[in-house]
Amino acid sequence: MAEQVFPTKGNLIKTKRSLLQAQLGYDLMDKKHGVLVREMVALVDAARELRGEIDVTYSEAYLALEYANMTLGVVSTIAQAFPVENSLKLSTRSVMSVELPKVSANLITADKPPYSMTLTSSEFDKAYIKFSRVKEITVRLAELENSIYRLAVAIKKTQKRANALKNIIIPRFQEQVKFIANALEEKEREEFSRQKVIKHRKMK
């Protein structure tokens, strides 16, 4: 590839500039890769904790619901009074130009249940509190898992670009710079020798 570059001072300056830009690009890709990996590791740890918690909370919620059904009969009539969840809102945050989702919801708190407490039992209250927690964890887990997926894709692309710069583009420009510099140096030596011969002849 380097042999195809015409050895002129202009091309040497241009190639050195391209080499510098490629090196800066690699440094940026390497830094971006490190930041994205650290971000993903933190999110993976958080998601792992939530997955364990949601499994336990689901089990406790269904057990509480069973007890509520035993004390109140089938509670589906009471459940129909619950409003449909439509408070979910999606926004994004940027990490090294990677857009990650942020999911928020105005979840009903346990101290303000959407049902009459005089018509229910403490077991129903426990089931409501547990399922509210399940909903809260599900929202957070959905945000984390989608962010992890996007980060994994971005990390793969960043690593691919960094490898291309490090293993292909930078060595190619280095080879071109070396080729042009050697060719110009050889040309200068030839010119110097030619001038010496001319000077020697003139002196004769």
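Residues numbered from 1 in each chain as written. Predicted model: local features only at pLDDT ≥ 70, side-chain atom pairs only at ≥ 80, totals over all residues. Heavy atoms only, no water.

## Focus: the side chain of Ser147
Looking at where Ser147 falls in the secondary structure, it is placed in helix α3 (residues 122-203). Using a relative accessible area of 2% as the deciding quantity, one classes Ser147 as buried. Polar contacts involving the side chain of Ser147 include one to the main-chain carbonyl oxygen of Glu143, which spans 2.9 Å. Dropping the residues within four chain positions of it, Ser147 is found in contact with Leu43, Leu100 and Pro101. (Helix = DSSP H or I, 4+ residues; strand = E, 2+ residues; numbered from the N terminus. Buried < 20%, exposed > 50% of the residue type's maximum accessible area, 1.4 Å probe, protein only. Polar contact = N/O pair within 3.5 Å; in protein donor to acceptor, adjacent residues only side chain to side chain. Contact = heavy atoms within 4.5 Å.)

## Examining the environment of Val177
Checked against the element boundaries, Val177 lands in helix α3. Judged by its relative accessible area of 14%, Val177 falls in the buried class. Spatially, the C-alpha atoms of Val177 and Thr15 are 6.3 Å apart, while their sequence positions differ by 162 residues. Setting aside anything within four residues of it in sequence, one finds Val177 in contact with Leu12, Thr15, Lys16 and Leu19.

## Concerning the nonpolar core
Among the nonpolar cores identified, the biggest contains 15 residues, and Leu36, Val98 and Leu151 are the most heavily contacted of them. Only α1 (9-72), β2 (98-104) and α3 provide two or more residues apiece to this core. Ranked by residues supplied to this core, first place goes to α3 with seven residues. Core analysis: the second largest hydrophobic core is formed by 13 residues, Val5, Leu12, Val177 and Leu184 among them. (Core = buried A, V, L, I, M, F, W, Y, C linked by side-chain atoms within 4.5 Å.)

## Considering the side chain of Thr57
Note on placement: Thr57 falls in helix α1. The class of Thr57 is buried, set by a relative accessible area of 6%. For Thr57, the contacting residues outside a window of four places in its chain are Lys130, Arg133, Val134 and Ile137.

## Considerations on the pairing of strand β1 (residues 89-95)
Regular strands show a simple pattern: their side chains alternate between the two faces of the sheet. Relative to β2, β1 runs antiparallel, the two sharing seven bridges. Across the sheet, residue Lys89 finds its bridge partner in β2, namely Ser104. Joining the antiparallel neighbours β1 and β2 is a turn of two residues, in which Met96 adopts a positive phi near 50°. (Pairing = 2+ DSSP bridges.)

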